[in-house]
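Residue-level structural notes
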Amino acid sequence: MPAGYFGGMESDEDRHDRTDHEIELLAERLWALSREPAGDQAPDLGPLAAAGFEVTGRTARYGTGRPCVALLLPPDQLPEFGHNLLAASIVGAALATVRTLESGSIAVTDRPADEIDAVLTFQPGVHTWAAAPLAARTELRVTVHGNSGPAPEDSTDAVAGLIQVFTAIAALRARLPAGASVQGIVTHGGESTDVVPDFAEARFGLRAPDAEALGRVVTELTAAAEGAAMATGTKANVERFGPIHARFQDNPVLSGHFARHLAACGIHASPSGTAAIPGRAEVGDLSVRMPTIHPSVALLDPARAVGSRAFAEATGSPRARTVLLATASALARTASDLLAHPALVRQAWDNFADRARRGR
């Protein structure tokens, strides 16, 4: 890190009070922002541009130089994943943070660059955990090829082959490594009921606790798919669909800091669980490049599922408003602490380097 970092003279308590007051002033505006039916559209950076942020593409930046803290935007505002709340919280945190900024810079982006010193985000969910587990993950595409003959008895049914693939993979789940999972969807199943389909396709999402276990799941699934298709006289091809995403590596210096601020805002995080939760796969990749946090903050109880209609409805509840304002304040407090205290940035990077050396 470059020399010359310096903090302001304002006390932490005064700075936190100013941050909280700013969120209070923004409360109605942020709640309205979260309720706009934007769906799969990217979050609007207009409020940041109006506040003096320099907007380039999907990044808004305020200030110059290091340290630089990134507040991670979601790629959309889908309420079934709580991304509408997350986007509003990130915007609110950014607007509050710049009110106390004395040095360094803050970036609001969905693609942090390498000059970032810390990445801050969270996941609305069904647990309140300071560090929410994100598994190593990848996707596979399985295509099954059959033969459309002049008569049904001369044909081999690609859909029948694909069904057998799903059956084989269901049986495979009992042999998966602990913490691993496979979830599939059919993406193509023929064009007409009058013709025996000669092509069928599915995609499978694979998760595992680490890259080694994920590799074993890929090997097992490939063998199961090829064998199952062969049993029906069809042929299966298995190929990777997209990148392999790393398991999330929490930075306890930052996540502990965020958890304390969240508690000060009235929401208390419990010890993190071991089961992986839904979340942005790219966060795991960021966490092996730079200090990153990805806490989970509950909107519903664990009996409900992120991604469901019930979860989307919960983003309009009184609990959701509480989560929105508390997380905006906690994120802003954490960001402003990093910008005011170079030693905290160094601690986060020292912890990051130590975990990298130990391979954890």
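One structure accompanies this document, and this report is about it. (Residues numbered from 1 in each chain as written. Predicted model: local features only at pLDDT ≥ 70, side-chain atom pairs only at ≥ 80, totals over all residues. Heavy atoms only, no water.)

Another aspect to go through is the overall build of the chain. Helix and strand content of the chain: ten helices and eleven strands. When the backbone C-alpha atoms are referred to their principal axes, the chain occupies close to 85 × 45 × 40 Å. Expressed as a percentage of the 360 residues in the chain, the buried residues total 50%. Counting contacts in the chain only where the partners sit at least 6 residues apart, residues at least 24 apart contribute 84% of the total. Side chains of the chain carry 32 positive and 41 negative charges; the gap between the two charge centres is 5 Å. (Helix = DSSP H or I, 4+ residues; strand = E, 2+ residues; numbered from the N terminus. Buried < 20%, exposed > 50% of the residue type's maximum accessible area, 1.4 Å probe, protein only. Contact = heavy atoms within 4.5 Å. Lys, Arg positive; Asp, Glu negative; His and termini not counted. Charge placed at Lys NZ, Arg CZ, Asp CG, Glu CD.)

Moving on, we get to empty space enclosed by the protein. Using the criterion set out here, one finds two cavities of 30 Å³ or more in the structure. Quantified by volume, the largest cavity comes out at close to 40 Å³. Lining of the largest cavity is provided by His83, Leu86, Thr121, Phe122, Gln123, Arg280, Val283 and His294. Estimated volume of the second largest cavity: approximately 30 Å³. What lines the second largest cavity is Leu33, Pro43, Asp44, Gln77, Ala87, Ala88 and Val91. In terms of residues, the lining of the second largest cavity owes the most to one element, helix 3 (residues 83–97), which gives three residues. When grouped by side-chain class, the residues that make up the lining of the second largest cavity number five nonpolar, one polar and one charged. (1 Å grid on protein atoms, 1.4 Å probe; cavity = no way out; pocket = protein on both sides within 12 Å on 5 of 7 lines; lining within 4 Å. Points joined across faces, edges and corners; volume = space filled by probe spheres on them. Nonpolar A, V, L, I, M, F, W, Y, C, P; charged D, E, K, R; others polar.)

Under the counting rule described, the total for this entry stands at 15 salt bridges. Notably, a salt bridge pairs Glu22 with Arg99, separated by 3.4 Å at the nearest N-O pair. Taken together, the residues span a long stretch of sequence, with Glu22 in helix 1 (residues 12–35) and Arg99 in the loop between helix 3 and strand 4 (105–109) at a distance of 77 residues. With a closest N to O distance of 3.7 Å, Arg216 and Glu212 form a salt bridge. Note that Arg216 and Glu212 are positioned in helix 5 (residues 211–231) at a spacing of four residues, about one turn of the helix. Look at Arg216 and you get partly exposed, because its relative accessible area is 42%. Through salt bridges that share partners, Asp12, Arg15 and Asp337 make up one connected network. (Salt bridge = Lys/Arg side-chain N within 4 Å of Asp/Glu carboxyl O.)

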